[in-house]
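Structural features, examined
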2 protein chains.
Amino acid sequence: MKIVLIGAGNLATQLAFALQEQGYDLRQVFSRTEQSAALLANQLHLPYTTSLEEVEADADLYIASLKDDALMSRAAEIVRGKNRDALFIHTAGSVPMSVWEGHATHYGVIYPMQTFSKQRRVSFREIPMFVEANGETERQQLLELARSLSTKVYEASTEQRRQLHLTAVFVCNFVNHMYAIGEHLLSAHDLPFESMYPLMKETLEKVLSGMNPSAAQTGPAVRYDEGVMSKHEALLADHPEWQQLYQMISKSIHHDKLRSEQN
Amino acid sequence: MKIVLIGAGNLATQLAFALQEQGYDLRQVFSRTEQSAALLANQLHLPYTTSLEEVEADADLYIASLKDDALMSRAAEIVRGKNRDALFIHTAGSVPMSVWEGHATHYGVIYPMQTFSKQRRVSFREIPMFVEANGETERQQLLELARSLSTKVYEASTEQRRQLHLTAVFVCNFVNHMYAIGEHLLSAHDLPFESMYPLMKETLEKVLSGMNPSAAQTGPAVRYDEGVMSKHEALLADHPEWQQLYQMISKSIHHDKLRSEQN
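Calculation criteria
Residue numbering note: each chain is counted from 1, following its sequence as written. All chains are assigned letters beginning with A, and all ligands numbers beginning with 1, in the order in which they are written. Where local features are concerned, this predicted model is filtered to residues with pLDDT of at least 70; where side-chain atom pairs are given and counted, the filter is 80 or more; whole-chain, interface and lining totals use all residues. Side-chain figures throughout are based on the complete set of non-hydrogen atoms in the structure, without hydrogens or water. The aromatic pairing rule takes the rings of Phe, Tyr and Trp, using the six-membered ring of Trp, and pairs them if the centres are within 6.5 Å, calling planes under 30 degrees apart stacked, those over 60 edge-to-face and the rest tilted. With a 1.4 Å probe rolled over the protein chains alone, any residue whose accessible area is under 20% of its type maximum counts as buried; one over 50% counts as exposed, and the rest are partly exposed. Only DSSP runs of H or I with at least four residues qualify as helices, and only runs of E with at least two residues qualify as strands; both kinds are numbered from the N terminus onward. Placement of a charge over a ring requires the Lys NZ or Arg CZ to be within 6 Å of the ring centre, with the centre-to-atom vector within 35 degrees of the ring normal. Joining through side-chain atoms within 4.5 Å is the link that ties buried Ala, Val, Leu, Ile, Met, Phe, Trp, Tyr and Cys residues into a set, and such a set is a nonpolar core. Residues are treated as being in contact if the distance between any of their heavy atoms lies within 4.5 Å. pLDDT: the predictor's confidence for each residue, scored from 0 to 100. Whether two strands pair comes down to DSSP finding at least two bridges between them. For helices, the fitted line uses only the C-alpha atoms of the stretch in contact; every axis is such a line through C-alpha atoms, and the angle between N-to-C directions lies from 0 to 180 degrees. Buried area counts how much accessible surface, traced with a 1.4 Å probe, disappears from two parts once they are put together, with both parts' losses summed. Any carboxyl oxygen of Asp or Glu within 4 Å of a side-chain nitrogen of Lys or Arg constitutes a salt bridge here. Polar contacts here mean pairs of N or O atoms no more than 3.5 Å apart (in protein, one a potential hydrogen donor and the other a potential acceptor; neighbouring residues in sequence count only if both atoms are side-chain atoms). Here, expected helix span is obtained from the residue count minus one, scaled by 1.5 Å. Each copy is superposed on the other by least squares, with the fit set by C-alpha atoms of residues at a pLDDT of at least 70 in both. In this analysis a 1.4 Å probe is tested at points of a 1 Å grid over the protein atoms alone, and where it fits but cannot get out there is a cavity; an open set with protein on both sides within 12 Å along at least five of seven lines is a pocket; lining residues have an atom within 4 Å of a point. Grid points are joined across faces, edges and corners, and a volume is the space filled by probe spheres set on the points. Nonpolar residues are Ala, Val, Leu, Ile, Met, Phe, Trp, Tyr, Cys and Pro. Charged residues are Asp, Glu, Lys and Arg, and all others, Gly as well, are polar. We call a crossover right-handed when, viewed with the strands running away from us, the connection from the first strand over the helix to the second turns clockwise. Working definition: roughly parallel below 35 degrees, roughly antiparallel above 145 degrees, roughly perpendicular at 65 to 115 degrees, and oblique for all remaining angles. Left-handed describes a crossing in which the near helix is turned anticlockwise from the far one by less than a right angle; the clockwise case is right-handed.

1. What to know about the packing of aromatic side chains
For the structure shown, the criterion picks out 16 aromatic pairs over all chains. The interplanar angle of 20 degrees and the centroid separation of 5.7 Å between the aromatic rings of phenylalanine 116 of chain A and phenylalanine 124 of chain A together place this pair among those described as stacked. We classify phenylalanine 116 of chain A as buried; its relative accessible area is 6%. Consider the rings of phenylalanine 130 of chain B and tyrosine 154 of chain B, whose centres lie 5.0 Å apart with planes at 15 degrees: the pair is stacked. With a gap of 24 residues between them, phenylalanine 130 of chain B in strand β7 (residues 129–133) and tyrosine 154 of chain B in strand β8 (residues 153–155) connect regions that are remote in the sequence. Its relative accessible area of 26% is what places tyrosine 154 of chain B among the partly exposed residues. Counting every residue linked through ring pairs, the aromatic cluster contains Tyr62, Phe88 and Trp100 of chain A. Just above the ring of phenylalanine 17 of chain A sits the side chain of arginine 121 of chain A; from NZ or CZ to the centre is 4.1 Å.

2. A few points about the nonpolar core
Core analysis: the largest hydrophobic core is formed by 116 residues, its most contacted members being Trp100, Phe170 and Tyr179 of chain A together with Trp100 and Tyr179 of chain B. Once residues lying within four places of it in the same chain are set aside, the contact partners of tyrosine 179 of chain A are Phe193 and Met200 of chain A together with Val171, Val175, Tyr179, Thr203, Leu204, Val207 and Pro213 of chain B.

3. Quick look at the confidence of the model for chain A
Looking at chain A, pLDDT values average 95 and 100% of them are 70 or higher. For this predicted complex, the interface score ipTM comes out at 0.92, alongside a pTM of 0.91.

4. Side note on the environment of tyrosine 154 of chain B
Linking tyrosine 154 of chain B and methionine 129 of chain B, residues 25 residues apart in sequence, is a C-alpha distance of 6.0 Å. Ignoring any residue separated from it by four or fewer positions in sequence, one finds tyrosine 154 of chain B in contact with Pro192 and Ser195 of chain A together with Pro128, Met129, Phe130 and Val131 of chain B.

5. Focus on the sheet that holds strand β1 (residues 2–6) of chain B
Residue and element names in this part refer to chain B. The sheet built from eight strands is open, its strands ordered β3-β2-β1-β4-β5-β6-β7-β8 with mixed pairing. The outermost strands of the open sheet, each flanked by one partner alone, are β3 (48–49) and β8. Two elements, β7 and β8, share three bridges in a ladder whose sense is parallel. Counterpart to phenylalanine 130 in the pairing with β8 is tyrosine 154. Across the face of the sheet, helix α4 (residues 136–149) comes into contact with β4 (61–64), β5 (87–90), β6 (106–112), β7 and β8 while running at roughly 165 degrees to β7. Along the sheet, helix α5 (residues 158–187) makes contact with β5, β6, β7 and β8, crossing β6 at roughly 25 degrees.

6. Remarks on the interface of chain B and chain A
Between chain B and chain A, the contact holds 92 residues from the first and 92 residues from the second. When the buried surface of chain B facing chain A is broken down by residue, Arg120, Phe170 and Leu199 of chain B rank first, second and third, together holding 7% of it. Between chain B and chain A we count two salt bridges in total. The tally of links between chain B and chain A comes to 38 residue pairs in polar contact (both at pLDDT 80 or more). Listing elements by their share of the side of chain B that touches chain A, those giving two or more residues are α3 (68–79), α5, α6 (197–208), α7 (213–216), α8 (220–223), α9 (226–235) and α10 (240–262) of chain B. At 27 residues, α5 of chain B tops the list of elements feeding residues into the side of chain B that touches chain A.

7. As for helix α6 (residues 197–208) of chain A
Side chains that are three or four residues apart share a direction in an α-helix, a result of its 3.6 residues per turn. Compared with an ideal rise of 1.5 Å per residue, which puts 12 residues at 16 Å, α6 of chain A spans 16 Å between its outermost C-alpha atoms and is within 8% of the ideal. Burial analysis of α6 of chain A places nine of its 12 residues in the buried class, the great majority of the element. Of the residues making up α6 of chain A, those classed as buried are Tyr197, Pro198, Leu199, Met200, Glu202, Thr203, Leu204, Lys206 and Val207 of chain A. Of the surrounding secondary structure, the elements contacted by the buried residues of α6 of chain A are α5 (158–187) and α7 (213–216) of chain A together with α5 and α6 of chain B.

8. Some details on the relation of the copies chain B and chain A
Each copy of the sequence occupies a distinct position, and chain B is placed on chain A by a rotation of 180 degrees and an axial shift of 0.0 Å, giving an RMSD of 0.0 Å. Such values leave the two copies arranged in the relation of a two-fold axis. In terms of C-alpha distance to the rotation axis, chain B has valine 175 of chain B as its closest residue, with the C-alpha 2.5 Å off the axis. In this assembly the copies share their binding face: 100% of the residues contributing to the interface of chain B also contribute to that of chain A.

9. Points about empty space enclosed by the protein
The full count for this structure, using the stated rule, is five cavities of 30 Å³ or more. Its boundaries defined by the atoms lining it, the largest cavity holds a volume of some 60 Å³. Forming the boundary of the largest cavity are Ser214, Gln217, Val222, Ile253, Asp256, Lys257 and Ser260 of chain A together with His177 and Ala180 of chain B. Where the lining of the largest cavity is concerned, the elements lending two or more residues are α10 (240–262) of chain A together with α5 of chain B. Among the elements that make up the lining of the largest cavity, the one with the highest residue count is α10 of chain A (four residues). Residue composition of the lining of the largest cavity, grouped by class: three nonpolar, four polar and two charged. In this structure, the second largest cavity occupies an estimated 50 Å³ of space.

10. Quick notes on the pairing of strand β7 (residues 129–133) of chain A
Burial within β7 of chain A is extensive, with four of its five residues counted as buried. As a crossover connection, the stretch from β7 of chain A through helix α4 (residues 136–149) of chain A into strand β8 (residues 153–155) of chain A is right-handed.

11. Some remarks on unusual backbone geometry
Working note: non-glycine residues mostly have negative phi, and peptide bonds are mostly trans. The residue aspartate 190 of chain A is not glycine, and still its phi comes out positive at about 55 degrees. Position of aspartate 190 of chain A among the secondary structure elements: in the loop between α5 and α6. Positioned with a positive phi, histidine 45 of chain B is a non-glycine residue whose angle comes to about 55 degrees. Along the chain, histidine 45 of chain B falls in the loop between α2 (34–44) and β3. By relative accessible area, which is 71% here, histidine 45 of chain B ends up exposed.

12. Some words on the pairing of β7 of chain B
Note: β6 of chain B against β7 of chain B, five bridges, orientation antiparallel. By the bridge assignment, tyrosine 111 of chain B is partnered in β7 of chain B with phenylalanine 130 of chain B.

13. Quick notes on the packing of α5 of chain A against α6 of chain B
Relative orientation and spacing of two packed helices are given, respectively, by the angle between their axes and the distance between those axes. Interhelical geometry of α5 of chain A versus α6 of chain B gives an angle of 20 degrees and a closest axis separation of 9 Å. The orientation of α5 of chain A with respect to α6 of chain B, classified from their angle, is roughly parallel. Once α5 of chain A is placed against α6 of chain B, the crossing between them reads as right-handed. From α5 of chain A, Ala168, Val171, Cys172, Val175, Asn176 and Tyr179 of chain A reach across to α6 of chain B, where they touch Leu199, Met200, Thr203, Leu204 and Val207 of chain B.

Shown next as structure tokens:
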């Protein structure tokens, strides 16, 4: 199976390494940006192109890992002139599978649930992969591909994938932003952010050990300790945006508790 | 050194186990609630009382782990009638050391940076402890006590401890609430929350490995991908509170990026 990579971002980079490690026959890298294309292609010892028209026509699998709007606007162009029997897939959480409809004959999605950096190698074995395909043959092909990379393969519709992506924003990007605010607060007061690491680990460990996160909640908001909360808000007087976040998230924690008590 | 525990909550419970493991001479448990007092005292094979007047007068160390307002209003009463040479400490992030001033002669604070549940045993060896004391002798005593429990002992003023507590709310309680929202979103769409675990782990691992959280940020908000963000907001139409959080946290992530680019 000859594979062409359309895109050379963080996800494309890590996926490419994983595919090559499994012995897949990667043929070419496309990226609109010369620098990204060259960087990835050199690491993989592959040729690259910055023009969609120069993408190899006879591959068996085209994997598009582009920004959502680029994928939406260029799906037709990606398929045009290529092998009619090829399988076209993308890897985006919020782009429907139907982006390929009317252009490709065989298509689908493999959505890996992970946050990728170009620098950090991640093992795909543990990364959940969500598969969607436009037919039974395509489904079997994609399940096989996904299972060759990961032990955790699920199927998810376009609608479910959207919810997965939205959830990922909360449990990854938003969580990371809470870390970022914490780091800023401590460094402004000459305190080591490392002193928060055991707390951050235990917060995650509780949930990984099976505690429901709502039930695991602690702290002033869930106790609705207004004394502590108003002191904290006062400490954030110089950061009105974080102050507002503090108030809103505390309120949301409290409402979550009231809802769970009703059930 | 004879120790009396004033309070039988999550922190008091875990601290008591750690002290007893290290061979400290715990003498008595006080809690206003009979049930909490009995539960902890039985586990420690200690007597308990629900009346401050019946607390042993001749201990060397009184450790108060009460809710902030209880501590503020009862500090004088805790000290009254006790051994004048005893050391009085509390374990609260947002209560000043001066809560003991005018009541006790020797006093201070040991603030362990961790989230405690009654059920989950945690090892104190890795838990950062922040010490404050009202004099050099007291400081040495508390540093020694803290170092016998943990390898990570720091000193922090009342003002710094407030910032630590505020930061803990962001990196623990608020992070946990992001997990809770994620869990609610997925369970409403029949998707397994476990599929988020590797993402949650990697989000933390990046920061533990030394990446600055602001620099480690990924996702639609930091790219300012309005297409994805408006789709996500639409998905949250039935949850106006989470929708508003989505918008505000995304904005805050974007502003954080702009600030870091200016520096």
